[in-house]
Every structure is written in C-alpha cells, then in structure tokens.
Amino acid sequence: MAKTIDELLIGVLGAGSIGCFVGGSLQESGCPVRYFGREHVASDVRSGGLRLTSHDGQATDLAAEAVDFRTDLSGLEECNILLVCVKSPATEVTADALAGVIRPDTVVISLQNGVANTDVLKSRLPYNTVLAGMVAFNVARLEGAHFHLGTDGEIYIEDHPVARMLVDRLNAVGVSAKTSPDMKAVLWGKLLLNLNNGLNVLSDMPLRRQLLDRDYRRALALLVEETLGVLKAAGVSPAKIGKAPPGLIAPILRLPNWLFERVAASMLKIDDKARSSMRDDLDRGRKSEIAFINGAVVELAAKVNASVPVNAAIIALVEDAFAKGQSPALEGRDLLKRLQR
Ligand SMILES: NC(=O)C1=CN([C@@H]2O[C@H](COP(=O)(O)OP(=O)(O)OC[C@H]3O[C@@H](n4cnc5c(N)ncnc54)[C@H](OP(=O)(O)O)[C@@H]3O)[C@@H](O)[C@H]2O)C=CC1
Ligand SMILES: CC(C)(CO)C(=O)C(=O)O
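These numbers were taken from a predicted model, which means no experiment stands behind them. (Residues numbered from 1 in each chain as written. Chains lettered and ligands numbered in written order. Predicted model: local features only at pLDDT ≥ 70, side-chain atom pairs only at ≥ 80, totals over all residues. Heavy atoms only, no water.)

**Digging into the nonpolar core**
- Within the largest apolar cluster, 51 residues are counted, with the highest numbers of intra-cluster contacts made by Trp188, Leu195, Leu199, Leu202, Ile314 and Leu335.
- Those elements giving two or more residues to this core turn out to be α6 (183-203), α7 (207-211), α8 (214-234), α9 (246-253), α11 (277-283), α12 (294-303), α13 (309-324) and α14 (332-340).
- In terms of residues, this core owes the most to one element, α8, which gives 9 residues.
- Setting aside residues no more than four positions away along its own chain, Ile314 makes contact with Leu199, Leu202, Leu223, Ile290, Asn294, Leu335 and Leu339.
- Ranked by size, the runner-up nonpolar core spans 44 residues in total, among them Tyr35, Phe147, Leu166 and Leu170. (Core = buried A, V, L, I, M, F, W, Y, C linked by side-chain atoms within 4.5 Å. Buried < 20%, exposed > 50% of the residue type's maximum accessible area, 1.4 Å probe, protein only. Helix = DSSP H or I, 4+ residues; strand = E, 2+ residues; numbered from the N terminus. Contact = heavy atoms within 4.5 Å.)

Laid out in structure tokens, this is it:
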C-alpha cells in the first residue's frame, strides 16, 4: 500500500461514541472518512452535522453534507482502512459481515475494549492485516450527533506503516496517539482500568464522584489486585496506561480521600457527568461487555488454576443489573462487604 493517507478511504464500522470521535478527528485532519452506523446517529448527523468537543474547550463541527454516514454496508469494499468500533458482543457478527466483502488489502484496526477482539477479527478475516488498537479516553454522546471527550488519554495502535500514518494525523489535530509493538501488554493494561466499568454500573454515579468514594476505590483495588495475580501467574506484564504503573494502582486507590485527590489528580480530571461505556449500554438497553472484561480475567484464571471470586462476584452483579435493566445503586460499603465475604 504505497499510497499517502489522503488517498486512502477510512471506514468507521460502528459509528457511535468512539467511532464518531476518532473518525471525525481523522476527517478534521484531512483524511477521507466513511461512517457505518445506526439510523439514530445518521438522522442526527443529517439534521445538525457532527460535533466534537473536548473537556479542554476544543470544538470541531463537520457540516452534515461533509459527513458520509451510511446505515448499510454499501461502499464498504472501497475502504482501504477499517476502524472497528462496535461493542465486543457485536464483533463476531460484524466480522462475518465483513468477510468476503472487504478487499484483502484493507487494513482492519480494532479500537475496542477487551483483549480478544483482534483475535476474533483475525480468525474471520484471514486474508486481511488486522491490527490491535486501544482507546484510553472517555467519549460520551451528548444531544444529537455531539460527541464529547471527557478525559485525557491516548490511542495506541499496533505498529505498522498504516498505524504510523493514522497516529501522525491524530496527533496533528490534538488527539494523542502512538504506536506500540506490544499490544498484548497495552490491552491488558487498559483492561485493568476497565475493571471499573462494571463498578460504574453498580454505583449509579458519574465516574468522578465514584472515584471520590473510598469504598468504591477499595472495591476496585480488590479487582485490580486479583487480576494482577492472575496476570503474574500467566506470565503477562500489563503496560502502564495513564500515570500509575500497574503495581501502584491498588495502593493509590486505597489512599484516604485527601491524599488520593492530590496523588491521583490526573485520574480525577474527568467531566463531572462522564460515565463508563458499560453504563451507557445499560441506559440504552444493550448487552454489556462484562464477559469481555472481567470475563477475560476469569478465562485466564481458569488456564492457570487461579480462583477469582471478586471478578466473579462483579460479573454476577452486573449481569443481574443488565437483566433488570437498571443499576442497583449500591452503596460503596455494601459492595465492599459483599466482595469481602
Ligand atoms: N465510549 C467510551 O468512552 C469508550 C469506549 N471504548 C470501547 O470502544 C468500543 C466502542 O464503544 P462505543 O463507541 O462507546 O460504543 P457505541 O455503542 O457508542 O458505538 C457503537 C455503535 O456501533 C453500532 N453497531 C453495532 N454493530 C454494527 C454494525 N454491524 N454495523 C454498523 N453499526 C453497528 C452500534 O449500534 P447498536 O446500538 O445497535 O449496538 C452503536 O451505535 C467498545 O469496545 C468500548 O468498550 C473504549 C474506550 C472508551
Ligand atoms: C475510558 C474508560 C476507561 C472509562 O470511561 C473506558 O474505557 C470506558 O468507558 O469504556
């Protein structure tokens, strides 16, 4: 693929929060982008265009007529790069829809949470180059097709010439991005942060307020420690994502509030209303990604004969919340008691 990035058509498959934010940022940088998503986003784009804003005050508006948003897969075969941004439960079905439609030289990049999506895509798309990616920041859909970056954080993409071109373009428009030769470590490092997604479903609080609740932080510390134990037994070294090295996350979380607020000031730079993507799924009546986050820990634990009661308890509570369609709004101390039983 000896073309420049401006000659390559980027497809965003699953144009929701991450897809519209990353795709919109690449379009802002001058790349041709085609979005594939749902009618509820398409109709908002038609009526008001695509709006991207950020907690640091940046704003970008892409006019409706400049946004090529499709609610079917027509023209997918013209894409040279495909960013897969669907939630993990949709990866298999999505990959099957791509197989035999996209060109063998299309580079497919997963920008999803969880550690297994790239393997699923690879198994279904054996002729394509499939790269792992990871997004460390939070994006929320506000009113209409307005997508808001609520935290700091970087995008990582597995090292490859196409990844380098995308990273350059993202950095040029102020979206931090880098390539990595070791995405397994990056994905497990991110999964440590995503252990909070399930807790955010259970707390019924915005992320910032929940992080200021010491009992919720203690619950998260238990999850992180249990997961690090499994990773150690399996010989996996998670990468440092954010400011704290993996081994310091739990001790920092356990600090009293006054000290935590100082030591973890960057972790608390979150919009007051931001919630985890799993909490969005509960509100929108969708499936949860819990099986791909805490469930990945349970799966790895089984391989190394480790027991993971804390992750298992969180999975059960989150599955129950999704079955009922609402958060149990657990007090931090009640959750902690259940986990320490
Ligand atoms: N939001 C965030 O802050 C972050 C999210 N992530 C991860 O990024 C990934 C994407 O999350 P997010 O952007 O929040 O998800 P969203 O649900 O906002 O966006 C995904 C969109 O893709 C649509 N979709 C699903 N299947 C298809 C298909 N076959 N064709 C076209 N559209 C489809 C979904 O529709 P439908 O509603 O029908 O499912 C939905 O509108 C997840 O793995 C998430 O964990 C990572 C970091 C932060
Ligand atoms: C950015 C973060 C860690 C928290 O919002 C996330 O990945 C998510 O919401 O899924």
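So much for the structure itself; the text now carries on.
**Overview of the pattern of salt bridges**
- Under the counting rule described, the total for this entry stands at 21 salt bridges.
- As a salt-bridge pair, Asp281 and Lys87 come within 2.7 Å of each other at their nearest N and O atoms. Placement of the pair is Asp281 in helix α11 and Lys87 in the loop between β6 (81-84) and α3 (91-98), with a sequence separation of 194 residues.
- Residue Arg254 pairs with Glu225 through a salt bridge whose shortest N-O separation is 2.7 Å. With a gap of 29 residues between them, Arg254 in the loop between α9 and α10 (257-263) and Glu225 in helix α8 connect regions that are remote in the sequence. (Salt bridge = Lys/Arg side-chain N within 4 Å of Asp/Glu carboxyl O.)

**Comments concerning the site of ligand 2**
- Around ligand 2, the surrounding shell consists of Asn113, Ala136, Phe137, Asn138, Lys190, Asn194, Asn197, Leu207, Ser276 and Ser277.
- Taking Asn194, its side chain carries an N or O atom lying 2.8 Å from an oxygen atom of ligand 2.
- Across the complex, the protein chains shield 87% of the 280 Å² of accessible surface that ligand 2 would expose by itself.
- In terms of residue count, the dominant contributor to the shell around ligand 2 is α6 (3 residues).
- For the shell around ligand 2, a count of residues per class yields 3 nonpolar, 6 polar and 1 charged.
- Shared between two domains, the shell around ligand 2 holds at least three residues of each, these being domain 1 (5-181) and domain 2 (185-340). (Near = heavy atom within 4 Å. Polar contact = N/O pair within 3.5 Å; in protein donor to acceptor, adjacent residues only side chain to side chain. Areas by Shrake-Rupley, 256 points an atom, 1.4 Å probe, with all protein chains shown as cover. Nonpolar A, V, L, I, M, F, W, Y, C, P; charged D, E, K, R; others polar. Domains from an automatic or database assignment.)

**Some words on the UniProt feature "domain: Ketopantoate reductase N-terminal" (unreviewed entry) in the protein chain**
- The UniProt feature table records "domain: Ketopantoate reductase N-terminal" (unreviewed entry) at residues 10-160.
- Taken end to end, residues 10-160 is 25% helix and 30% strand, and its first and last C-alpha atoms sit 16 Å apart. (UniProt positions renumbered as here; feature names shortened; annotations may be inferred.)

**Quick look at helix α1 (residues 17-28)**
- Over its 12 residues, α1 extends 16 Å from the first C-alpha to the last, a length consistent with the 16 Å expected when each residue adds 1.5 Å.
- In terms of burial, α1 is largely enclosed, as 10 of its 12 residues are buried.
- Gly30 sits one or two residues past α1 and shows a positive phi near 110°. (Expected span 1.5 Å × (residues − 1).)

**Here's the deal with the packing of α8 against α12**
- Interaxial distance between α8 and α12 falls to 10 Å at its minimum, and their mutual angle equals 40°. In this view, α8 runs oblique relative to α12, as classed from their interaxial angle. Where α8 crosses over α12, the handedness of that crossing is left-handed. The segment α8 lies against α12, with Leu223, Thr227, Val230, Leu231 and Ala234 engaging Asn294, Val297, Leu300 and Ala301.
- Here the contact of α8 with α12 is composed, by residue class, of 7 nonpolar, 2 polar and no charged. (Axes fitted to C-alpha atoms, helices over the stretch in contact; angles between N-to-C directions. Parallel < 35°, antiparallel > 145°, perpendicular 65-115°, else oblique. Left-handed = near helix turned anticlockwise from the far one by under 90°.)

**Here's the deal with helix α4 (residues 117-124)**
- All of the buried residues along α4 are Asn117, Thr118, Val120 and Leu121. All buried residues of α4 project into a common sector of 160° when viewed along the axis, lining one side.
- On its buried face, α4 is in contact with β6, α3, β7 (107-110) and β8 (129-135). (Arc of directions from axis to C-beta.)

**Structural notes on unusual backbone geometry**
- Of note, the phi angle at Asp204 is positive, near 60°, even though the residue is not glycine.
- Relative to the elements of secondary structure, Asp204 occurs in the loop between α6 and α7.
- Even without being glycine, Ala329 reaches a positive phi, approximately 50°.
- Given the relative accessible area of 40%, Ala329 is considered partly exposed.

**Notes on the environment of Gly295**
- Secondary-structure assignment places Gly295 in helix α12.
- In this structure the C-alpha to C-alpha distance between Gly295 and Trp188, which are 107 residues apart in sequence, comes to 13 Å.
- Discounting residues that sit within four places of it in the chain, Gly295 has contacts with Ile290 and Ile315.

**Digging into the domain arrangement of the protein chain**
- Partitioning the protein chain into domains gives domain 1 (5-181) and domain 2 (185-340).
- Once you take the C-alpha centre of each, domain 1 and domain 2 turn out to be 25 Å apart.
- With 20 residues of domain 1 at the interface, the matching set in domain 2 holds 25 residues.
- Around 2000 Å² of area is buried between domain 1 and domain 2 when both sides are counted, 56% of it from carbon and sulfur atoms.
- Its largest share of buried area at the contact with domain 2, domain 1 owes to Lys87, Asn113 and Val115, together 30% of the area lost on that side.
- Taken together, the links from domain 1 to domain 2 amount to 2 salt bridges.
- Residues Lys269 and Asp152 are paired through a salt bridge, measuring 2.8 Å at the closest nitrogen-oxygen approach. (Buried area = accessible area lost by both parts, 1.4 Å probe.)

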